[in-house]
Every structure is written in structure tokens, then in C-alpha cells.
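Report on the structure
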Amino acid sequence: MRIGELSRRTGVSERLLRYYEQQGLLQPERLPSGYRAYRASDVAVVRRIRSLLAAGLSTATISQVLPCLRDDGEHLVPTCPDLLGELRAERERMTTAIEELELSRSLLDRVITAGQSAMS
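The written sequence of each chain sets the order in which its residues are numbered from 1. This being a predicted model, a pLDDT of at least 70 is required before a residue's local features are given, and a value of 80 or more before pairs of side-chain atoms are given or counted; all residues contribute to the totals for chains, interfaces and linings. Working from all heavy atoms in the structure, the side-chain values ignore hydrogens and water.

What to know about the pattern of salt bridges
Opposite charge on two side chains lets them pair, provided their charged atoms get close. Whenever a carboxyl oxygen of Asp or Glu lies within 4 Å of a side-chain nitrogen of Lys or Arg, that contact is scored as a salt bridge. Under the counting rule described, the total for this entry stands at six salt bridges. Ionic pairing is found between glutamate 21 and arginine 36, a salt bridge with its closest N-O pair at 2.4 Å. Of the two residues, glutamate 21 sits in helix H2 (residues 14-22) while arginine 36 sits in strand S2 (residues 36-37), which places them 15 residues apart along the sequence. Of the two residues, glutamate 21 and arginine 36, both sit in the buried class. When the shortest N-O distance is used, the salt bridge between arginine 93 and glutamate 90 registers 2.6 Å. Separated by three residues within a single helix, arginine 93 and glutamate 90 lie in helix H5 (residues 83-119), roughly one turn from each other. Each residue is placed in one exposure class: buried if its accessible area under a 1.4 Å probe, protein chains only, is under 20% of its type's maximum, exposed if it is over 50%, and partly exposed if it falls in between. Residue arginine 93 is classed as partly exposed on the basis of its relative accessible area, which comes to 43%. If you follow the salt bridges from partner to partner, you end up with Glu21, Arg30 and Arg36 in one network. Where helices and strands are cited, they refer to DSSP runs of H or I of at least four residues and of E of at least two residues respectively, numbered from the N terminus.

So, in C-alpha cells, the structure goes:
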């Protein structure tokens, strides 16, 4: 299938599909005309990519973990032994970032409160 059809079937823009290819997440066949030819299975691959992006993973991380995931219909399931450790490390990185953002928000709240008191 061509890129427009994959875009229609997944709801992902052609530009993003090209970006996924540049990042090594999709590997369409190239026809002699230069057009990309995608497999029917690429629809599921794009959906996995979108799920992983929604979970907060970067495309660089996704390119590493994508080959080690299968879709059981309800969930993405790790299939490589080291993947759980990598995902736990990524989750810990996210937790640290969230904690830092919460601290920043708290500090900003104090500035706002002090400003409101000063303006009264």
C-alpha cells in the first residue's frame, strides 16, 4: 500500500510516517518509481508506535524496544529478556522528571501567592 493509504488507515499524517521512516521505525519497500510501498502489517506497527509515544517514550527509545514487543490484542507484551529492565529505567526517568516539574510548580505557586499578597 502507498503512504496515503497507510495514513488513512492509521490516522497518522504522511509527514509523520516519513519521520517514522527516518527514525528507523518503519521500513517500507521502495518501488522503482521511488514511491514507498508499505505492508499491511505496518498498520499494526504504526499503532504500536503511537501507543509507545503516548506512553511518553521517545522515538529513539521506541526504535530500540519496538522489535521486542508483540501485541496480544489488548496490550503490548515484551518478548526480549532485557526489555523489562529498560522499560523500568525509562519509567524511573519519567518519575524523576515529574518530581522535578512538581517542585518547579510548587516554587512558582509560592511566587504567585507572594505576588498576590503584595498586590493586595
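Right, picking up where we left off after that structure.
Some details on the confidence of the model for the protein
Each residue gets a pLDDT score, which is the predictor's confidence in that residue and runs from 0 to 100. The share of residues in the protein with pLDDT of 70 or more is 100%, and the mean pLDDT across the chain is 93. Within the protein, no element has a lower average pLDDT than strand S3 (residues 69-71), which sits at 89, and none a higher one than H2, at 97.

Some points on the packing of H2 against helix H3 (residues 42-54)
To obtain each axis, a line is fitted to C-alpha atoms, and for helices this fit is confined to the stretch in contact; angles are then taken between N-to-C directions over 0 to 180 degrees. Two numbers describe how H2 lies on H3: the axes approach to 12 Å, and their chain directions differ by 85°. Classed by the angle they form, the pair H2 and H3 counts as roughly perpendicular. Of H3, the residues touching H2 (which contributes Leu16, Leu17 and Tyr20) are Val46, Ile49, Arg50 and Leu53. All residues other than Ala, Val, Leu, Ile, Met, Phe, Trp, Tyr, Cys, Pro, Asp, Glu, Lys and Arg, Gly among them, are scored as polar; the first ten of these are nonpolar and the last four charged. Here the residues of the contact of H2 with H3 are counted per class, giving six nonpolar, no polar and one charged. The cut-offs work like this: below 35 degrees is roughly parallel, past 145 is roughly antiparallel, 65 to 115 is roughly perpendicular, and the gaps in between are oblique. Contacts are assigned to residue pairs that have any heavy atoms within 4.5 Å of one another.

Details of the packing of helix H1 (residues 3-10) against H2
Where H1 contacts H2, the axes come no closer than 9 Å and their chain directions differ by 105°. One element, H1, and the other, H2, form an angle in the roughly perpendicular class. Residue-level inspection shows Ile3, Gly4, Leu6 and Ser7 of H1 in contact with H2, the latter providing Glu14, Leu17 and Arg18. By residue class, the composition of the contact of H1 with H2 is three nonpolar, two polar and two charged.

Some points on the UniProt feature "domain: HTH merR-type" (unreviewed entry) in the protein
UniProt positions are given in the numbering used here, feature names are shortened, and annotations may be inferred rather than shown by experiment. The feature "domain: HTH merR-type" (unreviewed entry), as given by UniProt, occupies residues 1-68 in the numbering adopted here. Helix makes up 54% of residues 1-68 and strand 6%, with an end-to-end C-alpha separation of 25 Å.

A word on the side chain of serine 7
Among the structural elements, serine 7 can be located in helix H1. Residue serine 7 is classed as buried on the basis of its relative accessible area, which comes to 15%. If near-sequence neighbours (up to four positions away) are discounted, serine 7 is found in contact with Val12, Ser13, Glu14 and Leu17.

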